[in-house]
Amino acid sequence: MNNQMNSREEKLLKPMNGIPMLLFLLAAIVIMIVVFVIGCIQENAFIIVPSALFGFIVFPIMLGGLKVINPNEAAVYTLFGNYYGTINEAGFYWINPFCGAFNNTQINNNSVSLDEKDAGVKVNVNLAASKKVSLKAMTLNNDKQKVNDCEGNPIEIGVIVIWKVVNATKAVFEVDNYIRYISTQCDASIRQVARQYPYDISDEGDEKSLRGSSQEVAIELQKEIQKRVEFAGIEILEARIAHLAYAPEIAAAMLQRQQATAIIAARQKIVEGAVGMVEMALTKLNENNIVELDDERKAQMVSNLLVVLCGNKDAQPIVNSGSIY
């Protein structure tokens, strides 16, 4: 229990500078070679030769304690199965040569693609072949997946998440594989957030939707993922929707619905404008005393004007050259 609690607390090491130790070990190896040669030449060198041989064994082992940490990288070290410490500052250091770097991702490719058949999640990161933990900002490209919005409509949604490791100790000890872990949690968070919003503005007039409130949805998605990966030492920098569409089985029906809504809105604007133009025409005719029309003729004129103005095709009027009565 104590070891589990201690593993969650990051212990930052202050190791020795590696350059003086490297020079010392190289000089010691050269000296041991000279001592071994002298011991072999001299007689009664029962102490010198074993000492030189002992140095040949010890000093090369000590060379294994030289470690190089690149910028924006961290190394988590264990000693005989116990957590030893973490180095997260770039430099050339020397530590206990029996310490080994621990990274549970075990990734050996420069460009890593983790494809989960059940989730369709793809993670692209740049990691070295060593067991160091990258502290750089990385991109998780979540392929489009089918979920349901708050109205139960099946939709396809894909997100891009920018994240980085801020606590290398938690990242390698708290979860089995922190890259695959964040992929899975991102998938679950997408489903959770998508159920809270409709795809488009609902009939009740709710202004928040997946399509129209991208900023609010992105903030909510970032908070949801951060809450799930907090204890693994991961920080979510940004989460954005990269793909959003209706599922293929309802896409055609929803397109017709959107077209009908657009046509109704357009017709409403046309009718409002036509009524205003007819009213203006009648007002101008009365003000200028151009012609006097009774109620029946006004109704006929209004009808003709509305047909011309509201029709979806060009009007073809018939000119009456005789009397209007």
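Scroll up for the structure.
These numbers come from a predicted model, not from an experiment.

### Observations concerning the nonpolar core
Moving on, step 1. Core analysis: the largest hydrophobic core is formed by 37 residues, its most contacted members being Val161, Trp163, Tyr178, Ile234 and Ile236.
Moving on, step 2. Where this core is concerned, the elements lending two or more residues are strand S3 (73–79), strand S10 (138–148), strand S11 (154–165), helix H4 (168–173), helix H5 (178–194), helix H6 (214–229) and strand S12 (234–246).
Moving on, step 3. No other element matches the eight residues that H5 contributes to this core.
Moving on, step 4. Among all residues touching Tyr178, those that are not within four sequence positions of it are Asn103, Asn104, Thr105, Val133, Ser134, Trp163, Val165, Ala171 and Ile234.

### Details of the environment of Ser134
Moving on, step 1. Looking at the secondary structure, you find Ser134 in strand S9 (residues 133–134).
Moving on, step 2. In this structure Ser134 comes out as buried when scored by relative accessible area, which is 6%.
Moving on, step 3. Note: C-alpha distance between Ser134 and Lys164 (30 residues apart in sequence) is 8.1 Å.
Moving on, step 4. Within polar-contact distance, the side chain of Ser134 engages the backbone nitrogen of Lys136 at 3.3 Å.

### Points about unusual backbone geometry
Moving on, step 1. One non-glycine residue, Asn72, lies in the positive phi region at around 60°.
Moving on, step 2. As for its position among the elements, Asn72 is in the loop between strand S2 (66–69) and S3.
Moving on, step 3. The exposure class assigned to Asn72 is partly exposed, which follows from its relative accessible area of 48%.
Moving on, step 4. In this model, Phe80 sits at a positive phi of 55°, which is unusual for a non-glycine residue.
Moving on, step 5. Locating Phe80 in the fold gives a position in the loop between S3 and strand S4 (82–87).
Moving on, step 6. Of the residues examined, Phe80 reaches a relative accessible area of 69% and is grouped as exposed.

### Side note on the packing of H5 against H6
Moving on, step 1. For the pair H5 and H6, interaxial distance at closest approach is 9 Å and the crossing angle is 135°. It follows that H5 is oblique to H6 by the angle criterion. The handedness of the crossing between H5 and H6 is right-handed. Across from Tyr181, Ile182, Gln185, Cys186, Ala188, Ser189, Ile190, Gln192 and Val193 in H5, the residues of H6 making contact are Val217, Glu220, Leu221, Glu224, Ile225, Arg228 and Val229.
Moving on, step 2. Residue composition of the contact of H5 with H6, by class: 10 nonpolar, three polar and three charged.

### Section: H5
Moving on, step 1. The terminal C-alpha atoms of H5 lie 24 Å apart, and with 17 residues this matches the ideal 24 Å at 1.5 Å per residue to within 8%.
Moving on, step 2. Residues of H5 that are buried: Tyr178, Ile179, Tyr181, Ile182, Ser183, Gln185, Cys186, Asp187, Ser189, Ile190, Val193 and Ala194.
Moving on, step 3. The distance from a side-chain oxygen at the start of H5 to the backbone nitrogen of Ile179 is 3.1 Å, and the residue carrying that oxygen is Asn177.

### Quick word on the packing of helix H2 (residues 18–41) against helix H3 (residues 48–63)
Moving on, step 1. Between H2 and H3, whose axes approach to 9 Å, the crossing angle comes to 160°. With respect to their mutual orientation, H2 and H3 come out roughly antiparallel. Between H2 and H3 the crossing geometry is left-handed. Contacts between H2 and H3 involve Met21, Leu22, Leu25, Ala28, Ile29, Met32, Ile33, Val35, Phe36, Gly39 and Cys40 from the former and Ile48, Val49, Ser51, Ala52, Leu53, Gly55, Phe56, Phe59, Met62 and Leu63 from the latter.
Moving on, step 2. Within the contact of H2 with H3, the residues separate by chemical class into 18 nonpolar, three polar and no charged.

Reading the values: rules and limits
- Residues numbered from 1 in each chain as written.
- Predicted model: local features only at pLDDT ≥ 70, side-chain atom pairs only at ≥ 80, totals over all residues.
- Heavy atoms only, no water.
- Core = buried A, V, L, I, M, F, W, Y, C linked by side-chain atoms within 4.5 Å.
- Buried < 20%, exposed > 50% of the residue type's maximum accessible area, 1.4 Å probe, protein only.
- Helix = DSSP H or I, 4+ residues; strand = E, 2+ residues; numbered from the N terminus.
- Contact = heavy atoms within 4.5 Å.
- Polar contact = N/O pair within 3.5 Å; in protein donor to acceptor, adjacent residues only side chain to side chain.
- Axes fitted to C-alpha atoms, helices over the stretch in contact; angles between N-to-C directions.
- Parallel < 35°, antiparallel > 145°, perpendicular 65-115°, else oblique.
- Left-handed = near helix turned anticlockwise from the far one by under 90°.
- Nonpolar A, V, L, I, M, F, W, Y, C, P; charged D, E, K, R; others polar.
- Expected span 1.5 Å × (residues − 1).

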